[in-house]
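Listed below are the residues making up each chain.
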Amino acid sequence: MESKQEHTPCPTRLAGDRLRSVGLRPTRQRVALAGLLFAKGDRHLTAEELHEEAVSAGVPVSLATVYNTLHQFTDAGMLRVLAIESSKTYFDTNTSDHQHYFVEGDNKVMDIPTGAITIDGMPEVPEGMEIAHIDVIVRLRRKSG
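What counts and what doesn't
- Residues numbered from 1 in each chain as written.
- Predicted model: local features only at pLDDT ≥ 70, side-chain atom pairs only at ≥ 80, totals over all residues.
- Heavy atoms only, no water.
- Axes fitted to C-alpha atoms, helices over the stretch in contact; angles between N-to-C directions.
- Helix = DSSP H or I, 4+ residues; strand = E, 2+ residues; numbered from the N terminus.
- Parallel < 35°, antiparallel > 145°, perpendicular 65-115°, else oblique.
- Contact = heavy atoms within 4.5 Å.
- Patch = residues over 30% accessible without salt bridge, like charges linked within 9 Å, V, L, I, M, F, W, Y side chains within 5 Å.
- Areas by Shrake-Rupley, 256 points an atom, 1.4 Å probe, with all protein chains shown as cover.
- Salt bridge = Lys/Arg side-chain N within 4 Å of Asp/Glu carboxyl O.
- Buried < 20%, exposed > 50% of the residue type's maximum accessible area, 1.4 Å probe, protein only.
- Core = buried A, V, L, I, M, F, W, Y, C linked by side-chain atoms within 4.5 Å.
- Left-handed = near helix turned anticlockwise from the far one by under 90°.

Trainee: Is there a simple way to explain the packing of helix 2 (residues 28–38) against helix 4 (residues 63–75) in this structure?
Mentor: The description of two helices packed together rests on the angle between their axes and the distance between the axes. At a closest axis distance of 11 Å, the pairing of helix 2 and helix 4 adopts a crossing angle of 75°. Classified by the interaxial angle, the pair formed by helix 2 and helix 4 is roughly perpendicular. Where helix 2 abuts helix 4, its residues Gln29, Arg30, Leu33, Ala34 and Leu37 lie against Thr65, Val66, Thr69, Leu70, Gln72 and Phe73.

Trainee: How should I be thinking about a nonpolar patch on the surface in this particular structure?
Mentor: Nonpolar side chains collect at one region of the surface, where Ile117, Ile119, Met122, Val125, Met129 and Ile131 lie side by side and expose about 490 Å² of accessible area between them. Looking at the element boundaries, Ile119 is found in the loop between strand 5 (108–111) and strand 6 (137–140). Overall, the relative accessible area of 37% leaves Ile119 in the partly exposed class.

Trainee: Mind showing me how you'd approach the nonpolar core here?
Mentor: Among soluble globular proteins, nonpolar side chains are generally buried collectively. With 21 residues, the main nonpolar core has Leu37, Leu50, Val66, Leu70, Phe73 and Leu79 as its most contacted residues. Among the elements that make up this core, the one with the highest residue count is helix 2 (6 residues). In contact with Leu70, not counting residues within four places along its chain, are Leu37, Ala47, Leu50, Leu79 and Phe91. Counting residues in each nonpolar core, the second largest holds 5 residues, with Leu82, Ile84, Phe102 and Val109 among its members.

Trainee: What is the right way to look at the packing of helix 3 (residues 47–56) against helix 4 in this model?
Mentor: It is the contact of helix 3 with helix 4, at a shortest axis distance of 9 Å, that shows an interaxial angle of 120°. Here helix 3 lies oblique to helix 4, going by the angle between them. The handedness of the crossing between helix 3 and helix 4 is right-handed. Across the interface between the two elements, Ala47, Glu48, Leu50 and His51 of helix 3 pack against Leu63, Val66, Tyr67 and Leu70 of helix 4.

So, in structure tokens, the structure goes:
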């Protein structure tokens with residue numbers, strides 16, 4: 001009798017397939033960065049945080065390359081940009097329509113559960129235009145005392 005082993009897809013192959021599916025050439029650095037980005041599920045991170053993860057994982061990549069790659073991934077629809085602070089841009093691996101909490105002081109971004117926010121009274125959209133996305137960021141801080 002044959003035993004069937006579970007086949008776990010190779011993370012590198014998955015990253016390469018994901019890049020090809022959005023029309024990006026799977027270069028070594030793109031595959032490595034995509035693997036790091038998407039291996040941990042939905043999350044929010046800065047280019048600096050991804051660069052630090054890449055260096056720790058032994059991926060030889062410059063911070064400029066990380067920025068360029070994140071913007072390529074965003075343009076291809078793989079990531080969402082969250083401009084929460086003027087000095088920091090966060091990238092969200094969850095591209096679905098959802099809103100965010102931002103914890104001031106901790107610089108932590110968290111998803112707000114779907115359906116927790118409703119928006120009423122939207123203004124009339126100018127002719128020939130449509131709403132692409134509505135960003136809501138609820139800023140939190142730890143209670144004092």
